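# Close look at the chain arrangement
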Amino acid sequence: STLNFSVESEASEEPTAAYLYSDINFSGSPTDAKAKASITNNGAVTGSVTVSHGGLSKSVDALSCGVGKYATGEFPAFSSSSDFRNFAHNGFSVETFYIDKSPGSDIHGIFCGTEKGGWGLAVKADGTPYFVVGDIKENNYIYLYAKQSASTTDLTHIVGVYDFDAGLAKLYVNGQLNGSTTITGPFYPATNGLYNKFCLGADVAPDGVHFPCSNMIIVDARMYSGALTDKEVSDAYQTAVNMLK
């Protein structure tokens, strides 16, 4: 499924409208429907999996991840850290629809690109999802934790929004604003040449990966240019749920 957002504007000072930058599909080898990301599968299983959410259940294409089973990717259009910082300063949003069936003794990456900076959607050891972004300098992060742990049997929809112009980072869970916090800025990209890299089912690292999950299903993974509004996040959530009808 593809979401397109646009806002008509007559004034140059109006914020840039959010739009779908990358939309990763899992019907076969993981591919980006927007052709913005190049993705390599590292042992994860793609294809139809039966999932549920809110009383709905259906077989859908997904990425099934585990120890040593994840996907890596990069956004080749960003050729430097400053390229990605400029992208971030126009606002960006990340979305995923996932189940972590076995939260463990460590963090699990869902859709992550952090290395002493960067961005990510991840899960704490107790199953609580969160949004993390690099802020100001190396190893300085802003964390937004959900108010409760996620289900280990049903999908959870989470969106992280980085709104640089408004000076806010936001976390949405199942279409609803779950928390927000102040951004000091500037955005600090991932280091060690990983500024444009990401993982699905783990997090990036200079050699191998960090924070691999043990049993995770990812149905959606999307990156947006621009800060999604409350209404746009609600619409994205409804679109995700509609896949199960």
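Treat the numbers as computed from the prediction; the structure is a model and nothing was measured. (Residues numbered from 1 in each chain as written. Predicted model: local features only at pLDDT ≥ 70, side-chain atom pairs only at ≥ 80, totals over all residues. Heavy atoms only, no water.)

## Describing the overall build of the chain
- Assigned secondary structure in the chain consists of 2 helices and 18 strands.
- Against the compact-globule benchmark of 18 Å for 245 residues, the chain has a radius of gyration of 16 Å, which places it among compact chains.
- Projecting the C-alpha coordinates of the chain onto the three principal axes gives extents of approximately 45 × 40 × 35 Å.
- Out of the 245 residues in the chain, the part that is buried amounts to 52%.
- Considering only contacts in the chain between residues 6 or more positions apart, those separated by 24 or more positions represent 65%.
- For the chain, the computed accessible surface area is about 10200 Å², with 45% contributed by carbon and sulfur atoms. (Helix = DSSP H or I, 4+ residues; strand = E, 2+ residues; numbered from the N terminus. Rg over C-alpha atoms; globule rule 2.2 N^0.38 Å. Buried < 20%, exposed > 50% of the residue type's maximum accessible area, 1.4 Å probe, protein only. Contact = heavy atoms within 4.5 Å. Areas by Shrake-Rupley, 256 points an atom, 1.4 Å probe, with all protein chains shown as cover.)

## Quick word on helix α1 (residues 81–89)
- Among the residues of α1, those classed as buried are Phe84, Phe87, Ala88 and His89.
- In this structure, the buried residues of α1 make contact with β1 (19–25), β7 (92–100), β9 (118–123), β12 (156–163) and β18 (215–225).

## Observations regarding the environment of Ile218
- Tracing the backbone through its elements, the reader meets Ile218 in strand β18.
- The exposure class of Ile218 is buried, given its relative accessible area of 0%.
- In this structure, the C-alpha to C-alpha distance between Ile218 and Pro30, residues 188 residues apart in sequence, is 11 Å.

## Brief notes about helix α2 (residues 230–242)
- Over its 13 residues, α2 runs 18 Å from end to end, which matches the ideal 18 Å to within 8%, given 1.5 Å per residue.
- Of the residues making up α2, those classed as buried are Glu232, Val233, Ala236, Tyr237, Ala240 and Val241. (Expected span 1.5 Å × (residues − 1).)

## What to know about the nonpolar core
- In terms of nonpolar packing, the biggest core is built from 42 residues, with Phe92, Trp119, Phe131, Leu200 and Ile218 touching the most fellow members.
- When residues of this core are assigned to their parent elements, the largest contribution, 4 residues, is made by β18.
- If near-sequence neighbours (up to four positions away) are discounted, Leu200 is found in contact with Ile24, Phe26, Leu63, Cys65, Tyr70, Ala71, Ile110, Phe111, Ile218 and Ala221.
- Listed in part, the 11 residues of the second largest apolar core include Val51, Leu155, Val219 and Ala240. (Core = buried A, V, L, I, M, F, W, Y, C linked by side-chain atoms within 4.5 Å.)

## Let's talk about the pairing of strand β13 (residues 168–173)
- Judged by how many residues are buried, β13 sits mostly within the fold: 5 of 6 residues are covered.
- Bridge count for β12 against β13 is 6 bridges, and the pairing is antiparallel. Of the residues in β13, the one forming a bridge with Ile158 is Val173.
- Connecting β12 to the antiparallel partner β13 that follows it, the hairpin turn spans 4 residues, and Gly167 within it adopts a positive phi of roughly 70 degrees.
- Summarising the sheet, β13 and strand β14 (residues 176–182) pair through 6 bridges and their orientation is antiparallel. (Pairing = 2+ DSSP bridges.)

## Observations concerning the confidence of the model for the chain
- Predicted confidence across the chain gives a mean pLDDT of 93, with 93% of residues reaching 70 or more.
- This stretch, residues 1–15, has a pLDDT under 50; its non-local contacts, to residues over four places away or in other chains, come to 21 contacts. (pLDDT = per-residue confidence, 0-100.)

## Thoughts on the sheet that holds strand β8 (residues 108–114)
- If you trace the 7 strands from one edge of the open sheet to the other, you get β3-β6-β15-β8-β9-β10-β11, paired in antiparallel fashion. Edge positions in the open sheet fall to β3 (38–42) and β11 (141–145), since each of these has one partner strand only. The average undirected angle you get between the axes of adjacent strands in this sheet is 15 degrees. (Axes fitted to C-alpha atoms, helices over the stretch in contact; angles between N-to-C directions.)

## Digging into the environment of Tyr195
- Relative to the helices and strands, Tyr195 is located in the loop between β14 and β15 (197–200).
- Here Tyr195 falls in the buried class, since its relative accessible area comes to 17%.
- C-alpha of Tyr195 to C-alpha of Ala125: the two residues are 70 residues apart in sequence and 25 Å apart in space.
- Sequence-distant contacts of Tyr195, defined by excluding residues within four places in its chain, comprise Phe78, Ser79, Ser80, Ser81, Phe84, Pro189 and Ala190.
- Within the structure, Tyr195 has its side chain in polar contact with the backbone oxygen of Ser79 (distance 2.9 Å).
- A distance of 3.5 Å separates the side chain of Tyr195 from the backbone nitrogen of Ser80, its partner in a polar contact. (Polar contact = N/O pair within 3.5 Å; in protein donor to acceptor, adjacent residues only side chain to side chain.)

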